[in-house]
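Structural description and commentary
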Amino acid sequence: MSRKTAAKHALLIVIFTVIAALILILAAKLSETTDDTKYEMSSNAMRVEFLNSCGLIVKPAPEVQEIRIPKKFGTIYEEYNRLQQSQGFDLTPYAGREAVLCSYTVLNCPEHPDNVVANLLLCDGKLIACDLTLNEENGFTQALITVPQ
């Protein structure tokens, strides 16, 4: 093989290596984007659709409240964050930040027809926590997502 042919082969190998590396980097970025946008819920329709996908029928107009996640978690927030971690969320990175709490009345809970709400906690239009709560004396707060998605 001549020097010229060997140089062409070496150049082709370098070009194919660079292309393969770019494809791998692009695939990784697309995967990250998919994970980051998995719980994108910038509109009420997206939030209602998410709740429906969890098997809930809700009143489409939520009660909306702006809250601040504490900078330092007390016992209640630590316990709530453990519940969130069981669903694949973590509130720790949002400590001290403003968030929006959207509470939807659940309509398909026959045992408690008036007092069950699905809470969605959002920061910058992204779901960062969620739960199902029975607002009664012996109520409960439980995971909304039973298996991290």
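Before reading on, note that the structure itself is shown above.
Because the structure is a prediction, the values reported are computed rather than measured.

Remarks on the pairing of strand β4 (residues 126-134)
Extensive coverage of β4 is indicated by the burial of 8 of its 9 residues. With 8 bridges connecting them, strand β3 (residues 116-123) and β4 associate as antiparallel partners. Counted as the bridge partner of C123 is K126 from β4. Linking two consecutive strands that pair antiparallel, namely β3 and β4, is a turn of 2 residues; a positive phi of about 55° is found at D124 within it.

A word on the layout of surface pockets
By volume, the second largest pocket is sized at about 170 Å³. In terms of lining residues, the second largest pocket is bounded by I67, I76, Y77, Y80, L101, N119, L121, D131 and T133. Contributing elements (two or more residues each) for the lining of the second largest pocket: α3 (75-85), β3 and β4. No other element matches α3, which puts 3 residues into the lining of the second largest pocket. For the lining of the second largest pocket, the per-class residue count stands at 6 nonpolar, 2 polar and 1 charged.

Some remarks on the side chain of Q84
Within the fold, Q84 resides in helix α3. Judged by relative accessible area, which is 0%, Q84 ranks as buried. Of note is the side chain of Q84, whose polar atom sits 2.9 Å from the backbone nitrogen of C130. Among residues more than four places away in sequence, those in contact with Q84 are F89, L91, A129, C130 and D131.

Here's the deal with helix α2 (residues 44-53)
Turn by turn, an α-helix covers 3.6 residues, leaving residues three or four places apart pointing in a common direction. Within the span of α2, buried status applies to R47, V48, F50 and L51. Projected onto a plane normal to the axis of α2, the buried residues spread over an arc of 155° and lie on a single side. Residues of α2 that are exposed and angled more than 90 degrees away from the buried face: A45, E49 and S53. Next to the buried residues of α2 lie β2 (98-105), β3 and β4. In the stretch just after α2, G55 is the one whose phi turns positive, near 90°.

Parameters at a glance
Residues numbered from 1 in each chain as written. Predicted model: local features only at pLDDT ≥ 70, side-chain atom pairs only at ≥ 80, totals over all residues. Heavy atoms only, no water. Buried < 20%, exposed > 50% of the residue type's maximum accessible area, 1.4 Å probe, protein only. Helix = DSSP H or I, 4+ residues; strand = E, 2+ residues; numbered from the N terminus. Pairing = 2+ DSSP bridges. 1 Å grid on protein atoms, 1.4 Å probe; cavity = no way out; pocket = protein on both sides within 12 Å on 5 of 7 lines; lining within 4 Å. Points joined across faces, edges and corners; volume = space filled by probe spheres on them. Nonpolar A, V, L, I, M, F, W, Y, C, P; charged D, E, K, R; others polar. Polar contact = N/O pair within 3.5 Å; in protein donor to acceptor, adjacent residues only side chain to side chain. Contact = heavy atoms within 4.5 Å. Arc of directions from axis to C-beta.

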